[in-house]
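# Structure assessment
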Amino acid sequence: MSARSQHLRWPGRYRSRPLRSDVRDAHQRRGRSRAQQIEELVREKHPDLPIVSVSTSVSDSWGQSASVYTNGFEGLREGTHFSASAAITVKDAGDRRPMGWDYTSRRHFEDLESLDKIAQEAGVRTRHQLGAGKIKTGKYTILLENRATPRLIGAFLGPISGPALQQKRSLWDGKVGTAIASPLLTIRDAPHRVRGAGSSLWDSDGSATRARPLIEDGVLSTYLIDQYYALKMGVEPTGGDTHNLDWALGERDLDGLAADIGEGVLIDRFLGGNSNSTSGDLSFGCAGRMIRNGKIAEPVAEMNLAGNLSTIMKRLVAVGNDPNPNSSAGCPSIVIEDVQISGE
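Remember, predicted model here, so these are calculated numbers, not experimental data. Per-chain numbering applies: the sequence of each chain, read as written, is numbered from 1 onward. Where local features are concerned, this predicted model is filtered to residues with pLDDT of at least 70; where side-chain atom pairs are given and counted, the filter is 80 or more; whole-chain, interface and lining totals use all residues. Excluding hydrogens and water, the side-chain figures rest on all heavy atoms present in the structure.

### Considering the pairing of strand 4 (residues 138-144)
Within a regular beta strand, the side chains point alternately toward one face of the sheet and then the other, so they alternate between its two faces. Counting buried residues in strand 4 gives 6 out of 7 residues, a clear majority hidden from the surface. As judged from the 6 bridges shared by strand 4 and strand 13 (residues 334-342), these two strands associate in the antiparallel manner. Along strand 13, the bridge assignment pairs lysine 139 with glutamine 340. Strand pairing requires that DSSP identify at least two bridges connecting the strands. Helix and strand assignments come from DSSP, with helices taken as H or I runs of at least 4 residues and strands as E runs of at least 2, each series counted from the N terminus. One ladder, built from 3 bridges, connects strand 4 with strand 9 (residues 264-275); its direction is parallel. Across the sheet, residue leucine 143 finds its bridge partner in strand 9, namely leucine 266. Summary of the burial criterion: residues with accessible area below 20% of their type's maximum are buried, those above 50% are exposed, and those between are partly exposed, where the area comes from a 1.4 Å probe applied to protein chains only.

### A word on empty space enclosed by the protein
The distinction between a cavity and a pocket rests on a 1 Å grid over the protein atoms alone: a 1.4 Å probe fits inside a cavity but cannot get out, while a pocket stays open yet meets protein on both sides within 12 Å along at least five of seven lines, and a residue with an atom within 4 Å of a point counts as lining. Grid points are joined across faces, edges and corners, and a volume is the space filled by probe spheres set on the points. Within the structure shown, the criterion is met by 1 cavity of 30 Å³ or more. In this structure, the largest cavity encloses a volume near 40 Å³. His27, Arg30, Gly31, Arg34, Val58, Ser59, Asp60, Phe82 and Phe109 are the residues that line the largest cavity. Elements with a contribution of two residues or more to the lining of the largest cavity: helix 2 (21-45) and strand 1 (51-68).

### Quick word on the layout of surface pockets
Empty space within the largest pocket amounts to approximately 540 Å³. Taken together, 28 residues form the lining of the largest pocket, with Asp102, Glu121, Arg125, Glu145 and Arg147 sitting closest to its centre. Counting residues per element, the ones that place at least two in the lining of the largest pocket are strand 3 (99-106), helix 3 (115-127), helix 7 (254-261) and strand 9. Residues are grouped as follows: Ala, Val, Leu, Ile, Met, Phe, Trp, Tyr, Cys and Pro are nonpolar; Asp, Glu, Lys and Arg are charged; all remaining types, including Gly, are polar. Of the residues in the lining of the largest pocket, the class split is 9 nonpolar, 7 polar and 12 charged.

Have a look at this one:
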């Protein structure tokens, strides 16, 4: 008897618990109140900003799911998620409309950053975009803020997936055990982290999860191959999911990394672009601020970062101590040397 038919044989085994209407209404009222409070805090803290609009959001959710697999596994998962954010659009010279934002996202409500901090940081980030100039085209040392790092790391790790490997679209094919990055790069998957955003006891195949290295000291340790692609490729599955990324961290925060760099570019956001998982070529629009004399300085925009995945992470020279708690990727700020940036 299949696991699916067993599940149907015992109806009600996985019973949901819908919220009572009074509890739901209370959640909605609290959510509206918190969203309004964020906007009020933004306008109170940043009265001199030329604000065009303020958008705020609050999420308060609970979910339950049951999984039944043909390998006989059955599992029930419950979870909560909470978030709050603020985005501020302002008027700038030349009819520009830059937008700055900040957010907090956690499994548990008590772990959220305060609304006061979100409002303050969103305003500061918006202010730092006013009067942005252009950069001279050239090669720079770049400092990727922890919020921007996932864009590059996602492109870097994408080619180790089963689909990319099976469809011959991976520049990392045959590279397990080979150095593909700087020795400073160590990333492990930590599926059992307490309160982790991506924590899970089982993966998408219904197999038990375990902590494992993805990259150790720059060396590729494994591929991410689920059962479906393992069958197509004629190999053993390694697990196709990641959960919480655990980085080997450095000793400096963002300001400390900037001080060590001396001269360079802080990239705090990416704006579109693409990467090719077969050739490794990448081109990302980006924006941020200059680093001068070890200090984060004036804003710059309309930049483009170009390079190749096969070499860019080998130029990693520093990893920060500031993993982003709002994401399962847990990325810190990182420093990469000799990166091509196009401007004017």
